[in-house]
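Remarks on the overall topology
Take a look at the letters that make up each chain.
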Amino acid sequence: MIKLSINVLILLLFSGCIGSRQYTPISYFDFGQPSQQGISLNIDTFNTEGPYKERFIYRMSGNLLNKDEYSRWAQAPDLLLNHYFKQSYRPGSLYYLSGEVLTIEHNLIDNKAVFKVIYYISKEGRIVSQELFHRSFETNGSIYSFVKQVSLAVKELNSQITQSVAKLN
């Protein structure tokens, strides 16, 4: 009798796992392919703090953030930026680029993509330029619109860094 009760209990537990479920594939995104900037700049490290690791972050209300389990960056945004800049600049400069991704989120309240980075250009271990790059772009609320706007922001950041390095040279 006890054996039968245990078997029925196990069957009841596992029956919750059986049923029709819709499969949702995970989508991975990056910032796109940069164009060669034609100047030399050594790329140091970028960091990402907070919830902005790999999953997309949505701001639902003032302090409510949601993670999207099915839409992700191909790597953490700091690693994507590192890779993007290494493709944009030739190494061999006296200057080094480093920074931190402060915000990369889709604000669903205002339908805006928000991208904020602080970056540093240093020479011989001393910071010679420090800039806060902050862009907010309109989206139509879709994931693809969000990724497109963030990619545009990264492209603008790349241009701004190029201009900063050109002024230093």
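Refer to the structure above for everything that follows.
As a starting point, this report considers the structure included with it. (Residues numbered from 1 in each chain as written. Predicted model: local features only at pLDDT ≥ 70, side-chain atom pairs only at ≥ 80, totals over all residues. Heavy atoms only, no water.)

This brings us to the overall build of the chain. Summing up its helical and strand segments, the chain has three helices and seven strands in all. N-terminal to C-terminal, the α/β element order of the chain is α-β-β-β-β-α-β-β-β-α. Scaling as 2.2 N^0.38, a compact globule of 169 residues should have a C-alpha radius of gyration of about 15 Å, whereas the chain reaches 22 Å, well beyond that. Based on the C-alpha atoms only, the size of the chain along its principal axes is roughly 85 × 35 × 30 Å. Put simply, the chain has 169 residues, and 39% of those count as buried. Sequence separation of at least 24 residues holds for 67% of the intrachain contacts in the chain that already meet a minimum separation of 6. (Helix = DSSP H or I, 4+ residues; strand = E, 2+ residues; numbered from the N terminus. Rg over C-alpha atoms; globule rule 2.2 N^0.38 Å. Buried < 20%, exposed > 50% of the residue type's maximum accessible area, 1.4 Å probe, protein only. Contact = heavy atoms within 4.5 Å.)

A cluster of nonpolar side chains, contributed by Ile2, Ile6 and Ile10, occupies part of the molecular surface with about 290 Å² of accessible area. Along the polypeptide, Ile6 turns up in helix H1 (residues 2–15). (Patch = residues over 30% accessible without salt bridge, like charges linked within 9 Å, V, L, I, M, F, W, Y side chains within 5 Å. Areas by Shrake-Rupley, 256 points an atom, 1.4 Å probe, with all protein chains shown as cover. Salt bridge = Lys/Arg side-chain N within 4 Å of Asp/Glu carboxyl O.)

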